[in-house]
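# Chains, contacts and geometry: an overview
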Amino acid sequence: MRTRKKKEISVLIILFIGVLILGFFMLSLGESNYDLATVVKVLMGQEIKGASFAVMSLRLPKLIIGILAGIACGVAGNTFQVIMKNPLASPDVMGVTSSAGAMAVFAILILGLEGVAVSAFAIAGGVLVAVIIFSFARGNGFSINKAILMGIGIQAMMQALITFILQQANAYDLSKAMHWLSGSLNSAKLSGAGGFFITVLILTCFIQYRTKELKVLSLGEELPVTLGVNIDRERIVLLMASVIMVSVATAYVGPLASVSFMAGHITRRIIKTGGVYSLQAGLMGAIIVLSSELIGQNAFAIRFPVGVITGIIGAPYLIYLLLSIRNKRG
Amino acid sequence: MNIHTLQAKNLKAGYNKTVIIDGIDVTIPSNKISVIIGSNGCGKSTLLKNFARLIKPFDGEILLDGAGYDKMHSKDLAKIIGLLPQSPMVPESITVYDLVARGRYPYQKPFSQLTSEDQEAIEEAMEMMGVSKLRDQFVEELSGGQRQRVWIAMALAQQTDILFLDEPTTFLDISYQVQILELLKNLNEKKGTTIVMVLHDINLASRYADCLFAMKNGELIAAGSPEDILNEELMLRVFNLECILMKDPVSGSPFIVPKGRAHLRPESQDEGKKISQVV
């Protein structure tokens, strides 16, 4: 009992330290690299020529938006997977992320909106797809497999819709197109990110507050009812909280591939105490985003946006996951 | 242990508008073991699910101490009525202790840790089901019989006065079947828990049940002690099966031996002819 609790907390601390270390590298590496002392000085408010602008105006926004997006995707994906008891059931695999992205790009490029309105469109897109998937998957008793397959179909459709909108809007700007096709931190700005921060903070706290319900919901369709959980209400509320969080993240960074799918699953594989671990999954999401960003910006001759890297990592992880599911059954 | 009365009045129920149970009255005997028997699709599980509030009746009502379920808060109800479903889902890499601890949900408040009361209930439940030594093992690594005991321990940790079990022995070999039923009998005797379960093995049902409910086509054909109601005629009516009634050499309870044609010995040839006419 006590050792398991210790494990959950020590993983939380290690992940937090991991985010700090990656955060330092995010601020340190780039066109010109700065050492720890310089970075700290700049963060403390000291004016250093060149460094101040690069760190405070370019790199810090990327870092903060990246952390927020990672936490949002990680917590939301983990909640989806726990409720639906299937690692494939995550907002990105099921098309919620792409749909939020499609609505956001529609709001920005076609309607010319910005700020909160874009987030509102993204949320509307995410919620709409979630409602469609879940109401169609209901039919003869709720089928999670049906919901996942339908989500995969919708995901492809929404990705096509994004491409379509980009063409209609004549978005010849490659970086803008990449942002909406795969997600990137390149246009991250801190102005207007307050809403994003508050959304992630409130919804993460809310989901953490419902940990006991999530634990009971993972026992199948029948036991939650007899244990006294209002299963329909609880599922809807928790899924909606997740959808909103991931949609707002998508409005800021575009549809990030595979982060919400990997974060929770990796976390549960590491901790292995049969728990829910929303906070750990959130930090894991942040770690995936930050390390992918660092790889994309520094490892190759060309710079790749973060979503391209998460997508590339996600594919083999999906294959590994499918193989491990088959081995377990066999 | 509180005494609760649980009854279904003129209950109509089913799935997706298909009526499976069409108006039955059942009163669950308090502090006794009741077993529901009947052929596949006769509505036993439907009845159980209505009592366990997994599905809502189309018509009629289920009354706990005279009041409908919707009059009570669902967490309070969860302290009185528990269920072990037929195939509950084991969360990924969960230990025995953690799974049993989930039975304490109705007693817990958000953010609070397990209280000493919770811990006692968990220890007692594991002790009763003989799984205390397995506490740190992963549930997915246990044998079928062990796993079933863990699930029952989880339901016991819920400390309900009434416990429903949907075919608790179905996927187990015979030694585990007997073991599980012995444990349930022990629970009933020690704590007075009202137990209601669906069983397929008539002879084990006869041995362990204080009260049998025999169902067919959504109707209650007979209810009463095995001694009173279990006989050749009932088997014919409920299962459409010719049987010989004997006495269980161990418990003295009614014991059913199905006839069938393939194995009839010469002295029962006449019986065999009768069966072929029936079939």
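Residues numbered from 1 in each chain as written. Chains lettered and ligands numbered in written order. Predicted model: local features only at pLDDT ≥ 70, side-chain atom pairs only at ≥ 80, totals over all residues. Heavy atoms only, no water.

Here the focus is the interface of chain A and chain B. Between chain A and chain B, the residue contacts involve 29 residues of the former and 38 residues of the latter. For the pair chain A and chain B, the summed buried surface comes to about 2,800 Å²; carbon and sulfur atoms form 56% of the total. Contact with chain B buries area across many residues of chain A, yet K212, T226 and L227 of chain A alone supply 23% of it, more than any other trio. The interface formed by chain A and chain B holds 2 salt bridges in total. (Contact = heavy atoms within 4.5 Å. Buried area = accessible area lost by both parts, 1.4 Å probe. Salt bridge = Lys/Arg side-chain N within 4 Å of Asp/Glu carboxyl O.)

A side chain with one charge may pair with a side chain of the opposite charge, provided their charged atoms come close. Summed over all chains, the structure comprises 16 salt bridges over all chains. One salt bridge in this structure joins E124 of chain B and K191 of chain B, with 3.3 Å as the shortest N-O distance. Of this pair, E124 of chain B sits in helix α4 (residues 116-128) while K191 of chain B sits in helix α6 (residues 174-191), and the two are 67 residues apart along the sequence. Among the ionic contacts, a cluster of salt bridges with common partners joins K85, E221 and R235 of chain A. (Helix = DSSP H or I, 4+ residues; strand = E, 2+ residues; numbered from the N terminus.)

A few words now on the confidence of the model for chain B. When pLDDT is averaged along chain B, the result is 89, and 95% of the positions lie at 70 or above. Across the interface, the model reports ipTM at 0.86; the global pTM reads 0.88. (pLDDT = per-residue confidence, 0-100.)

With that out of the way, let us pick up the sheet that holds strand β9 (residues 211-216) of chain B. Adjacent strands of a sheet pair through backbone hydrogen bonds, lying either parallel or antiparallel. Residues and elements named next belong to chain B. Taking strand neighbours across the sheet as the criterion, the 6 strands line up as β6-β7-β8-β3-β9-β10 in an open arrangement whose pairing is mixed. Either end of the sheet is taken by a strand with one partner, and the two such strands are β6 (81-84) and β10 (219-224). Strand-to-strand, the axes of this sheet are offset by a mean angle of 15 degrees, without reference to chain direction. Pairing geometry for β6 and strand β7 (residues 162-166), over 4 bridges, is parallel. Considered in β7, the bridge of L83 is made with F164. Sitting on the sheet, α6 is in contact with β3 (33-38), β7 and β8 (194-198), with an inclination near 155 degrees to β8. (Pairing = 2+ DSSP bridges. Axes fitted to C-alpha atoms, helices over the stretch in contact; angles between N-to-C directions.)

A few words on the packing of helix α5 (residues 144-157) of chain B against α6 of chain B. Residues and elements named next belong to chain B. Axis separation between α5 and α6 bottoms out at 10 Å; the angle between their running directions is 20 degrees. As far as their axial angle goes, α6 and α5 are roughly parallel. Here α5 runs over α6; the crossing is right-handed. Mapping the contact onto sequence places G145, Q148, R149, I152 and L156 in α5 and Y176, Q179, I180, L183, L184 and L187 in α6. (Parallel < 35°, antiparallel > 145°, perpendicular 65-115°, else oblique. Left-handed = near helix turned anticlockwise from the far one by under 90°.)

With respect to the helices and strands, the residue S52 of chain A is situated in helix α3 (residues 51-84). Aside from chain neighbours lying at most four places away, what touches S52 of chain A is V42, Q46, E47 and S57 of chain A.

We now examine the state of the cysteines. In total, this model carries 0 disulfides over all chains according to the counting rule given. As a non-bridged cysteine, C73 of chain A has C205 of chain A as the owner of its nearest cysteine sulfur, 18 Å distant. (Disulfide = S-S within 2.5 Å.)

The next thing to look at is helix α6 (residues 144-168) of chain A. Residue and element names in this part refer to chain A. For α6, spanning 25 residues, the distance from its first C-alpha to its last is 35 Å, which sits close to the expected 36 Å at 1.5 Å a residue. All buried positions along α6 are accounted for by I144, A147, I148, G151, I154, M158, I162, I165 and L166. Following α6 by one or two positions, N170 adopts a phi angle in the positive range, close to 50 degrees. (Expected span 1.5 Å × (residues − 1). Buried < 20%, exposed > 50% of the residue type's maximum accessible area, 1.4 Å probe, protein only.)

All names here are of chain B. If you trace the backbone, S206 turns up in helix α7 (residues 202-208). When its relative accessible area of 2% is taken as the criterion, S206 is described as buried. For S206, the contacting residues outside a window of four places in its chain are P226, L230, S253 and P254.

Residues and elements named next belong to chain B. Between α4 and α5, the least distance of the axes is 8 Å, while the angle of their chain directions is 145 degrees. As α4 packs across α5, the resulting crossing turns out to be right-handed. Side by side, α4 and α5 meet where A121, I122, A125, M126 and M128 of the first sit next to A153, L156 and A157 of the second. Here the contact of α4 with α5 is composed, by residue class, of 8 nonpolar, no polar and no charged. (Nonpolar A, V, L, I, M, F, W, Y, C, P; charged D, E, K, R; others polar.)

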